Amino acid sequence: MAAKLSFSEEDLSCPVCCDIFRDPVVLQCSHSFCKSCLQQYWTQKGSGRDCPLCRSESSTDEPVVSLTLKNLCDAYVQENTARGAAEGEETGELCSLHGERLKLFCLEDGQPICVVCHTSRRHKHHECCPVGEAVLDCKGELRTALKALRRKWEAFDQAKQAYEKTADHIKTQAQQTEKRIKDEFEKLHHFLRAEEAVRLTALKEEEEEKSQVMRAKIEEIGKSMAYLSDTIRAIEEEMKVEDISLLHKFRTTMRSTKPTLREPEMISSVLIRVASYVGSLRYEVWAKMLKMVEYTPVILDPNTAAPWLVLSEGLTSVSDSEERQQLPDNPERFDPDTAVLGAKGFSSGTHWWDVEVGDNTAWVLGVAKESAQRKEKIPSVLKNGYLSIYYYHKMYFAGTSPLTRLSLKKKPQRIRVMVDCDRSKVTFSDPSDRTHIYTFKHTFTETVFPYFWVGCKECPLKILPVELSITQTHPN
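Quick caveat: nothing in here was measured; it's all calculated off a predicted structure.

Cut-offs and rules
- Residues numbered from 1 in each chain as written.
- Predicted model: local features only at pLDDT ≥ 70, side-chain atom pairs only at ≥ 80, totals over all residues.
- Heavy atoms only, no water.
- Helix = DSSP H or I, 4+ residues; strand = E, 2+ residues; numbered from the N terminus.
- Phe/Tyr/Trp six-rings, centres within 6.5 Å; stacked < 30°, edge-to-face > 60°.
- Buried < 20%, exposed > 50% of the residue type's maximum accessible area, 1.4 Å probe, protein only.
- Pairing = 2+ DSSP bridges.
- 1 Å grid on protein atoms, 1.4 Å probe; cavity = no way out; pocket = protein on both sides within 12 Å on 5 of 7 lines; lining within 4 Å.
- Points joined across faces, edges and corners; volume = space filled by probe spheres on them.
- Axes fitted to C-alpha atoms, helices over the stretch in contact; angles between N-to-C directions.
- Core = buried A, V, L, I, M, F, W, Y, C linked by side-chain atoms within 4.5 Å.
- Contact = heavy atoms within 4.5 Å.

Below, the discussion takes up the environment of Gly140. Here Gly140 shows up in helix H4 (residues 131-239). Taking the C-alpha atoms as reference, Gly140 lies 20 Å from Trp153; in sequence the two are 13 residues apart.

Turning our eyes to something else, we now look at the packing of aromatic side chains. Evaluation of the coordinates by the stated rule reveals nine aromatic pairs. Ring geometry for Phe346 against Trp353: centres 5.9 Å apart, planes inclined by 35°, an arrangement best described as tilted. For Phe346, a relative accessible area of 7% puts it in the buried group.

The seven strands are arranged E7-E8-E19-E10-E15-E16-E17 in an open sheet whose pairing can be described as antiparallel. Of all strands in the sheet, those with a lone pairing partner are strand E7 (310-311) and strand E17 (435-441), marking the two edges. As paired strands, E7 and strand E8 (residues 317-319) are joined by two bridges and run antiparallel to one another. Considered in E8, the bridge of Val310 is made with Ser319.

This part is about the layout of surface pockets. Each pocket or cavity is described by its volume, and for the largest pocket that value is around 1,300 Å³. Lys45, Glu154, Asp157, Gln158 and Gln161 are, among the 40 residues lining the largest pocket, the residues nearest its centre. For the lining of the largest pocket, the elements supplying multiple residues, two or more each, are helix H1 (35-45) and H4. It is H4 that contributes the most residues to the lining of the largest pocket, 14 residues altogether. Of the volumes computed, that of the second largest pocket is approximately 1,100 Å³. Taken together, 32 residues line the second largest pocket, and the ones lying closest to its centre are Arg180, Ser312, Glu313, Gly314 and Leu315. For the lining of the second largest pocket, the elements supplying multiple residues, two or more each, are H4 and E7.

The subject of this paragraph is the sheet that holds strand E11 (residues 363-369). Strand order in the open sheet formed by six strands is E9-E18-E11-E12-E13-E14, and the pairing between neighbours is antiparallel. With partners counted over all chains shown, the strands left at the sheet margins are strand E9 (339-341) and strand E14 (404-406), one partner each. The average angle at which neighbouring strand axes cross in this sheet is 25°, direction not considered. Of the strand pairs in this sheet, strand E12 (residues 386-392) and strand E13 (residues 395-398) are connected by four bridges, and their pairing is antiparallel.

Ranked by internal contacts, the top residues of the largest apolar core, which has 50 residues, are Trp353, Trp363, Ile415, Val426, Tyr451 and Phe452. Not counting chain neighbours up to four residues away, the residues in contact with Phe452 comprise Val298, Leu300, Thr338, Ala339, Val340, Gly342, Trp353, Val355, Val364, Leu365 and Ile463.

This is how it looks when you write it as structure tokens:
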């Protein structure tokens, strides 16, 4: 007679549901699962067909059915059911009170008892069942609990992978931001070094020019002094004569004591113009720097941008794309809606910015409340937390509920958004001719952020810089 094969319940349990295999299938990596459990895992995952245990990819479209494993499971279930029914009669512990085998399980007290205990005063009216049935029931509950724990483990595993990807993204963000900071400061350093060089060159040129003037004056005076020295020596020689010859040369000698040389004079404006180089130096350099500096009133927040959006390096323009970027699914990010918010929100004061829409074929502009839903694709209308206008299918709308059709005489190339938190207004206009487009009157109960939705790949939305000027204030 052939020997009976022995398998434990763990050997015949699905790693996903932790129950005995139902319609077991086997993957190329040799791991087996219930067919329904594997299909459910792949459906929830969305893409890829990997093994839930070892994560190795499966190249086959459909996993192979394991008939041998199915037969073993069926035999095990039948044997286990029969054995469980007789388990209380053939094996088990003895009752510590009556010495009888523990064949029953008190459902009310949750403990195994003997038949004498069942008729005793303590358990007389309690519902009981055979030990074998109780064991099967308890295992069923444990399997259910284990299944829930497995699902929780899977959830934690997915969260761990998401955290790891987020940590990598943070590192990449830091590296890219560091490079951008260094590039921007290098531009400023280059400007300052150039300004320093210009001023130092001008100073050297002025020094050389005025030093040359002084050298010429010194040379001229030197010649005059040499002439005077010669004249003095000649007169001194004449004065040594004591006879009548001194009288004969007296008039000539006296004329030589009155040379035609002009008296030397100090030259004006010959010193270095120190004040022109160092006076208000930082202010003048800063004022000149304004010509190379751009100020954009709204900067886009990349942490809110949908994965399909492409933002410019300076975070001032956005366009749609075909490719989904691998970005963390953080709570602030729009997904699946192709939207992005400004980095700074408003709760008081007046704020405005101009957006170049150009030939963009699908856009929404305005503001969004901080509490607006970002993980569902919902209409950008007022009741959903948005105050915005639309351009879609060559038509303009205000985001009321229902939408309000807008009639514009011409297609604007730019849109101005003005938010007056104190007066509870959001106004849209064409800045080229100040044509009014639409005004929302809505009380602000929370912070609002600039909102941009784009559905065009060829023409980005661009936030335009504001022209800077210096205003000097005078005391009253």
